[in-house]
Amino acid sequence: MTEVAKNTIWGTDRPIGVAVLGMGNVGTEVVRILRDHADDLHSRVGAPVVLRGVAVRSLDKDRGLPAELLTTDADALVARPDVDLVVEVIGGIDPARRLILAALNAGKSVVTANKALLADYTGELAAAAERNRADLYFEAAVAGAIPVVRPLIQSLSGDRVNRVVGIVNGTTNFILSAMDETGADYSATLAEATRLGYAEADPTADVEGYDAAAKAAILASLAFHTRVTAADVYREGISKITTEDLETASALNCTVKLLAICERVDAGPGEPSPAEGGKERVSVRVYPALIPRRHPLAAVSGAFNAVVVEAENAGRLMFYGQGAGGAPTASAVLGDVVMAARNKFFGGRAPGESVYAELPIAPIGDTPTRYHVNLQVEDVPGVLAKVAGEFAKHGVSISTVRQEGHGEGARLVVVTHHAVESALADTVAALAEMASVTSVTSVLRLEGTEE
């Protein structure tokens with residue numbers, strides 16, 4: 001590491017000591033930036049930022065670092081008195097949770113990219129940070145290099161955020177984009193994503209929406225000043241999306257994206273509205289949905305991510321970029337490192353957790369949206385009227401209906417007006433029992449319309 005001179009402006013040469021936990025793709029890039037840009041970091045912070053050590057699983061691998069910087073004892077590294085700031089890029093719940101709590105309880109600031117941990121334990125971690133006057137930063141946990149956490153916490157802190165919707169998982173966006181562009185099926189595009197390194201050997205966390213749900217919980221907590229955990233997020237993945245779904249979406253001038261949606265919704269059934277003194281609720285959900293091709297998120301292709309924030313006074317803001325990868329994610333981590341190190345040097349503090357609103361979570365059954373329902377039906381007179389009647393019976397208004405094919409291959413594609421999930425679910429269950437309906441082949445939400 002390049003040696004840095006004494007800071008003549010502030011009259012101190014006391015460095016800010018940094019420990020890095022984990023040296024995978026992100027950790028390796030964090031270490032590289034810390035070492036290669038030491039002089040720039042010194043100038044930005046006001047004091048030298050010095051790498052004290054890196055915790056790894058094994059010392060057998062050549063990591064291009066001096067041996068004295070590597071250790072398998074993460075607990076000892078965190079406890080070192082010359083460590084002021086801990087960067088956690090291990091991932092998972094344990095030992096990451098234990099190590100972060102140890103750092104915070106010792107008054108050391110923490111920078112983490114661990115969305116799974118934050119989605120379930122932000123309250124515990126934030127309380128430890130507040131109790132010990134330490135900082136907890138996590139910009140990289142939601143959308144890699146895309147700065148969206150800090151705008152929600154700081155830039156929009158004087159505004160009222162009403163909705164956050166985004167594409168926050170690059171693996172699923174790559175798969176759906178490829179299906180849309182090439183006509184290949186889910187299995188083929190998943191195999192290609194795996195070959196290119198966009199999908200893990202076990203892609204379950206990505207393709208079944210768990211990764212996006214964790215990020216949605218973090219976004220909702222920040223946007224609505226209400227503690228939201230991953231368990232509060234309704235979740236569906238993309239593994240059941242078919243080429244037929246993409247074809248019918250295209251016929252509507254739409255595409256399909258896995259969306260994370262966080263929004264304020266009205267009070268529950270039978271309760272007074274917010275205007276009447278009732279309490280509004282928060283709906284947080286992740287699922288594949290049709291969106292019009294004119295919507296800004298429809299153009300987000302490949303492994304890129306984007307988040308749209310809708311605020312009362314700022315209007316619609318869109319954040320777009322690389323949502324994963326070693327160097328992009330490390331960029332967000334280092335931004336947090338600079339902020340935390342400056343606070344250490346000048347005696348400042350990061351904003352703490354804000355959960356004063358304590359809004360209740362709206363169950364998915366009460367959440368209104370539009371739907372796209374695909375039915376295989378018998379090609380007989382009166383089938384359309386019977387299907388429409390079933391929708392009407394359950395209070396679901398039809399916007400458009402289209403028949404495709406004839407004979408045994410007859411298919412009805414129904415697009416609804418806004419309806420609550422519970423009403424649509426009852427409708428679908430009733431349709432599945434109708435003698436003239438062969439099968440309900442798919443049900444997708446339709447988002448991003450002005451209706």
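Residues numbered from 1 in each chain as written. Predicted model: local features only at pLDDT ≥ 70, side-chain atom pairs only at ≥ 80, totals over all residues. Heavy atoms only, no water.

- An unreviewed UniProt entry lists the protein chain under the name Homoserine dehydrogenase, with Nocardia xishanensis as the source organism.
- Recorded under Function (unreviewed entry), the UniProt text for the protein chain is reproduced unchanged: "Catalyzes the conversion of L-aspartate-beta-semialdehyde (L-Asa) to L-homoserine (L-Hse), the third step in the biosynthesis of threonine and methionine from aspartate."
- The heading Sequence similarities (unreviewed entry) in the UniProt record of the protein chain holds the text "Belongs to the homoserine dehydrogenase family." (UniProt positions renumbered as here; feature names shortened; annotations may be inferred.)

Here's the deal with the overall build of the protein chain
Step number 1: Helix and strand counts for the protein chain stand at 15 helices and 17 strands.
Step number 2: Here the C-alpha coordinates of the protein chain stretch approximately 85 × 55 × 35 Å along the principal axes.
Step number 3: A buried classification covers 52% of the 451 residues belonging to the protein chain.
Step number 4: Counting only contacts in the protein chain whose residues sit at least 6 apart along the sequence, the fraction spanning at least 24 positions is 75%.
Step number 5: Within the structure as shown, the protein chain displays about 19,400 Å² of accessible surface, and the carbon and sulfur contribution to it stands at 50%.
Step number 6: Placing the 41 positive and 57 negative side-chain charges of the protein chain at their respective mean positions leaves the two points 5 Å apart. (Helix = DSSP H or I, 4+ residues; strand = E, 2+ residues; numbered from the N terminus. Buried < 20%, exposed > 50% of the residue type's maximum accessible area, 1.4 Å probe, protein only. Contact = heavy atoms within 4.5 Å. Areas by Shrake-Rupley, 256 points an atom, 1.4 Å probe, with all protein chains shown as cover. Lys, Arg positive; Asp, Glu negative; His and termini not counted. Charge placed at Lys NZ, Arg CZ, Asp CG, Glu CD.)

A short note on the layout of surface pockets
Step number 1: As a volume, the second largest pocket reaches approximately 540 Å³.
Step number 2: In this structure, the second largest pocket is lined by 35 residues; those nearest its centre are Phe138, Ile153, Leu222, Gly352 and Glu353.
Step number 3: Those elements giving two or more residues to the lining of the second largest pocket turn out to be α5 (115–131), β6 (136–137), α7 (149–155) and α11 (210–224).
Step number 4: It is α5 that provides the largest number of residues to the lining of the second largest pocket, a total of eight residues. (1 Å grid on protein atoms, 1.4 Å probe; cavity = no way out; pocket = protein on both sides within 12 Å on 5 of 7 lines; lining within 4 Å. Points joined across faces, edges and corners; volume = space filled by probe spheres on them.)

A closer look at the pattern of salt bridges
Step number 1: Counted by the stated rule, this structure contains 27 salt bridges.
Step number 2: Glutamate 236 is the partner of arginine 445 in a salt bridge, and the nearest nitrogen-oxygen pair spans 2.9 Å. Remark: glutamate 236 occurs in the loop between β8 (234–235) and α12 (243–251) and arginine 445 occurs in strand β17 (residues 437–446); sequence separation between them is 209 residues.
Step number 3: Classification of arginine 445 as buried rests on a relative accessible area of 3%.
Step number 4: With a relative accessible area of 24%, glutamate 236 lands in the partly exposed category. (Salt bridge = Lys/Arg side-chain N within 4 Å of Asp/Glu carboxyl O.)

What about α12?
Step number 1: For α12, the full list of buried residues reads Thr243, Asp245, Leu246, Thr248 and Ala249.
Step number 2: Two residues or fewer past α12, asparagine 253 is found with a positive phi of approximately 60°.

Examining α5
Step number 1: Spanning 17 residues, α5 covers 22 Å between terminal C-alpha atoms, matching the ideal 24 Å at 1.5 Å per step.
Step number 2: Within α5, burial applies to Leu117, Leu118, Ala119, Thr122, Gly123, Leu125, Ala126, Ala128 and Ala129.
Step number 3: Tucked into the core, α5 has its buried residues touching α4 (96–105), β5 (109–112), β6, α6 (140–143) and α11.
Step number 4: One or two residues past the end of α5 sits arginine 133, with phi positive at roughly 55°. (Expected span 1.5 Å × (residues − 1).)

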